[in-house]
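# Working through the structure, step by step
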Amino acid sequence: MSMRWLTILQFLEIFAAYGIVTLFLPWRILGKRFHRFSVAEQLIAYFFAGNFYIIYLVYLLQFLRISSRVTLLLGTAGPFLFIWIWKRKKQIPGAMESLLVRIERLLDGERGKKTSLAQLRRTVYERCFRGKRKQWLHALPEIAVLLAAIAAITYVYGPNMVETFGYKASDIPVHNYWINELERNNIWVAGVYPYGFHIVIYYLHMVFGIPTYVLLRIFGVVQTYFVYLALVAALKMVCRGRFTPYFGILFYVMDIFNRSTYARFESALPQEFSMIFVLTSVCMAIRFFQEFAKERNGNCRWYLVQFAIGFSLTLTVHFYGTMAAGLFCIGVAVGFCFRFFRWNYFRRILITGILSVLLSVLPMAAGVAMGKGLQGSLYWGMNVITGDKKQGDADTAGTLSQDGVSDSLTAGESSGNATKNGETGSVLSQSRIEELRKEAEERIQKQQKPLSERLKEKGSAVRESIRVNVMNVKPYIAEITLGGIAILLLLGILLTVLRENDFAGAVLSAAVYLLCMCSLQCASLLHLPALMDANRCGIFLCYAICFAWALGVDAVVYLAIRRWKRRWIGEMTSLLILVMAVTVVLSQGLIREPVKVGALEDNGAMVCV
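Residues numbered from 1 in each chain as written. Predicted model: local features only at pLDDT ≥ 70, side-chain atom pairs only at ≥ 80, totals over all residues. Heavy atoms only, no water.

## Digging into the overall build of the protein
When its secondary structure is counted, the protein shows 25 helices and zero strands. By residue count, 45% of the 609 residues in the protein fall in the buried class. Sequence-distant contacts, at least 24 apart, represent 79% of the contacts inside the protein between residues at least 6 apart. When the accessible surface of the protein is summed, it comes to about 31500 Å², and 64% of that surface belongs to carbon and sulfur atoms. (Helix = DSSP H or I, 4+ residues; strand = E, 2+ residues; numbered from the N terminus. Buried < 20%, exposed > 50% of the residue type's maximum accessible area, 1.4 Å probe, protein only. Contact = heavy atoms within 4.5 Å. Areas by Shrake-Rupley, 256 points an atom, 1.4 Å probe, with all protein chains shown as cover.)

Written out as structure tokens, the structure is:
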């Protein structure tokens with residue numbers, strides 16, 4: 001029991017520490033600059049800024065070989081304190097004098113503790129609640145929904161965290177080794193690799209003093225919270241309803257996906273960490289297309305900046321996240337094709353995309369220039385992307401050479417046996433000829449089938465692949481997924497006819513993105529490059545499904561209440577539909593069971609503790 005409570009306290013400590021450096025500090029510096037954006041856009045901007053800053057701060061200090069707790073603290077607190085003091089340089093002397101007077105009166109007994117606490121309460125009330133009663137009342141329903149969403153995430157992923165105290169993935173010890181080497185300023189000890197995740201863990205360890213093995217044991221659940229909340233934030237940016245974005249979390253915790261698509265969320269791994277930036281970064285591009293048409297150039301520049309930072313973070317963390325984000329970019333290009341191919345839009349997006357790639361590649365290029373080779377998985381990833389089969393050909397050549405030896409032995413044995421039975425060679429050759437003839441006949445028969453029948457067979461194979469690799473045993477989920485693409489396309493076309501071009505572009509983008517992810521999942525069946533293996537692709541596909549379905553629900557609700565112009569009607573409608581959906585899901589027992597993942601690797605440090 002004590003170990004469970006210790007784990008809960010460590011989780012809260014890690015969550016708070018990560019939230020401070022990625023949300024609170026950026027908010028204190030950039031709050032006034034982003035005040036004109038929505039709350040979701042502000043949170044994403046702060047999160048991008050916080051992660052980008054600490055990652056590139058560590059990169060800089062590692063290249064200079066001076067990374068330590070002192071330099072990291074100076075690099076973190078120094079700029080923030082300087083900016084904060086510079087903005088308040090005229091107010092600080094009076095505030096300091098007032099604070100010193102209060103402390104002096106408190107120490108001399110002239111001012112009691114109760115009086116000091118009462119004044120503190122008054123200060124908090126005046127800054128946070130005075131004159132904001134309507135705002136808090138307006139926010140209460142969404143706060144309740146958000147707390148319910150957090151409770152659902154905790155129910156699914158929390159129990160295993162407090163019951164299994166070891167590492168939950170076989171490759172975490174390797175990441176642990178790479179992170180430990182950062183303490184020795186030995187970055188890329190195993191070769192150049194996207195180090196964003198490792199840097200974040202290293203930073204939290206060095207600045208807050210949290211042991212690395214504790215971070216790697218618990219941070220998986222911490223980042224899972226951010227993965228789910230990033231889904232809501234991304235939907236908040238593009239949805240018209242206030243509560244429909246929470247359908248994304250509802251779909252994600254429902255028992256409709258294979259366990260393999262979400263079991264890895266219990267582990268602290270770079271691939272899952274990169275998912276935080278996939279939807280959020282590309283939704284900034286969607287907001288650019290929507291706002292630039294209204295000639296809000298000031299906002300548009302910031303949307304492009306956020307898109308560049310977010311997209312670069314996907315490649316800084318894991319190249320699979322970049323693949324998913326790139327496919328979503330293709331969806332946006334198709335969804336907003338009526339604007340994308342205009343020069344004013346195209347040149348800005350093109351320049352932003354190039355800059356974002358350069359931002360992420362620059363540190364790794366510097367590592368290569370310093371004489372570090374690429375880490376092995378990067379060579380493999382690039383071979384998969386480029387379709388290079390040299391490695392496969394080499395393996396095949398090795399196999400052929402072995403087969404050649406066995407063939408020569410077989411030939412020798414056959415020639416020896418031929419003295420006893422001269423018919424052996426002719427029998428073998430005839431059987432091989434017969435086999436080749438049957439294969440040729442089968443190929444001819446397939447080619448002679450009507451195109452409609454071949455397409456039907458291919459569609460059935462794709463549906464079965466998605467059902468087996470992504471969905472669980474519940475019927476019709478794969479059909480609903482494929483049918484959802486058609487429904488989203490129809491909704492997008494209908495919105496276009498109704499001249500809701502901004503919203504139509506977002507819906508069409510989600511439809512094309514989901515189509516691209518389904519195609520990637522079944523790449524081998526469609527004779528496309530298999531950029532990801534089926535299991536890994538399924539993780540990103542589920543994320544895309546939940547995003548697209550939630551946006552589809554939002555579009556249906558919006559079309560149903562479109563003729564009523566009052567905002568409160570839309571809010572109440574989306575809330576009621578969400579409450580009804582949650583009630584049905586709970587009554588039917590469709591929520592996932594808590595994830596159970598064993599300790600796949602011994603954690604010697606935890607055993608010693």
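That shown, we press on.
## Things to note about the pattern of salt bridges
A complete count under the given rule lists 12 salt bridges for this structure. Among the salt bridges present, the one from Arg242 reaches Glu142, with a minimum N-O distance of 3.0 Å. With Arg242 in the loop between α9 (212-238) and α10 (247-253) and Glu142 in helix α6 (residues 133-161), this pair connects stretches of sequence that are 100 residues apart. By sharing partners, the salt bridges in this structure join Glu142, Lys236, Arg242 and Glu571 into a single network. (Salt bridge = Lys/Arg side-chain N within 4 Å of Asp/Glu carboxyl O.)

## A short note on a nonpolar patch on the surface
Taken together, the side chains of Trp136, Leu137, Leu140, Ile143 and Leu147 present a nonpolar region at the surface, about 470 Å² in accessible area. One can find Trp136 in helix α6. Taking the relative accessible area as the measure of exposure, Trp136 reaches 38% and is therefore partly exposed. (Patch = residues over 30% accessible without salt bridge, like charges linked within 9 Å, V, L, I, M, F, W, Y side chains within 5 Å.)

## Quick notes on the nonpolar core
Counting residues in each nonpolar core, the largest one holds 171 residues, and the members touching the most others are Phe219, Tyr252 and Phe547. The element that contributes the greatest number of residues to this core is α9, accounting for 20 residues. Once residues lying within four places of it in the same chain are set aside, the contact partners of Tyr252 are Tyr228, Leu231, Phe257, Phe265, Met275, Ile539, Cys542, Tyr543, Cys546 and Arg592. (Core = buried A, V, L, I, M, F, W, Y, C linked by side-chain atoms within 4.5 Å.)

## Focus: the packing of aromatic side chains
Applying the stated rule across the entire model yields 53 aromatic pairs. With 5.7 Å between their ring centres and 50 degrees between their planes, Phe24 and Trp27 make a pair best called tilted. On the criterion of helical spacing, the pair formed by Phe24 and Trp27 is a turn pair, its members being three residues apart in helix α1 (residues 2-30). By relative accessible area, which is 40% here, Trp27 ends up partly exposed. The rings of Phe11, Phe15, Tyr18, Phe47, Phe48, Phe197, Phe219, Tyr225, Phe226, Phe273 and Phe277 are connected pair by pair, giving a single aromatic cluster. The lysine or arginine in question, Arg28, covers the ring of Trp27, its NZ or CZ lying 5.1 Å from the ring centre. The ring centre of Tyr262 lies 3.7 Å from the NZ or CZ of Arg592, which sits over that ring. (Phe/Tyr/Trp six-rings, centres within 6.5 Å; stacked < 30°, edge-to-face > 60°. Lys NZ or Arg CZ within 6 Å of the ring centre and 35° of its normal.)

## A few points about the packing of helix α12 (residues 278-292) against helix α14 (residues 319-335)
Packing of α12 against α14 brings their axes to within 9 Å, and their N-to-C directions diverge by 25 degrees. Accordingly, the angle class assigned to the pair α12 and α14 is roughly parallel. Two packed elements cross with a definite hand, and for α12 against α14 that hand is right-handed. For the pair α12 and α14, contact is made by Val278, Leu279, Val282, Cys283, Ile286 and Phe289 and by Gly321, Ala324, Ala325, Phe328, Cys329 and Val332, respectively. Tallied by class, residues from the contact of α12 with α14 come to 11 nonpolar, one polar and no charged. (Axes fitted to C-alpha atoms, helices over the stretch in contact; angles between N-to-C directions. Parallel < 35°, antiparallel > 145°, perpendicular 65-115°, else oblique. Left-handed = near helix turned anticlockwise from the far one by under 90°. Nonpolar A, V, L, I, M, F, W, Y, C, P; charged D, E, K, R; others polar.)

## Description of the confidence of the model for the protein
Close reading of the predicted structure is inappropriate where its pLDDT is low. Taken over all residues, the pLDDT of the protein has a mean of 83, while the share at 70 or more is 80%. Model confidence for the protein, summarised as mean pLDDT per element, is weakest for helix α18 (residues 390-418) at 38 and strongest for helix α8 (residues 196-208) at 96. Contacts of residues 605-609 to residues separated by more than four positions or lying in other chains number six contacts, the stretch itself having pLDDT below 50. (pLDDT = per-residue confidence, 0-100.)

## Structural notes on α12
Given a rise of 1.5 Å per residue, 15 residues ought to cover 21 Å, and the 22 Å separating the end C-alpha atoms of α12 matches this to within 8%. Within α12, 15 of the 15 residues are buried, which leaves the element mostly enclosed by the surrounding structure. (Expected span 1.5 Å × (residues − 1).)

## A look at the packing of α14 against helix α22 (residues 501-521)
The angle between the axes and the distance between the axes are what describe a pair of packed helices. Direction vectors running N to C along α14 and α22 enclose 135 degrees, while the axes themselves pass 7 Å from each other. Between α14 and α22, the angle is such that the two are oblique. α14 and α22 meet at a crossing whose hand is right-handed. Seen from α14, the contacting residues are Ala324, Leu327, Phe328, Ile330, Gly331, Val332, Val334 and Gly335; seen from α22, they are Gly505, Leu508, Ser509, Val512, Tyr513, Cys516, Met517 and Leu520. Of the residues assigned to the contact of α14 with α22, the class counts are 12 nonpolar, four polar and no charged.

## Looking at the side chain of Asn258
Within the secondary structure, Asn258 sits in the loop between α10 and α11 (270-274). Judged by relative accessible area, which is 15%, Asn258 ranks as buried. From its side chain, Asn258 meets the backbone oxygen of Met471 in a polar contact 3.2 Å long. Each residue touching Asn258, except ones within four places of it in the same chain, is listed here: Arg467, Val468, Asn469, Val470, Met471 and Asn472. (Polar contact = N/O pair within 3.5 Å; in protein donor to acceptor, adjacent residues only side chain to side chain.)

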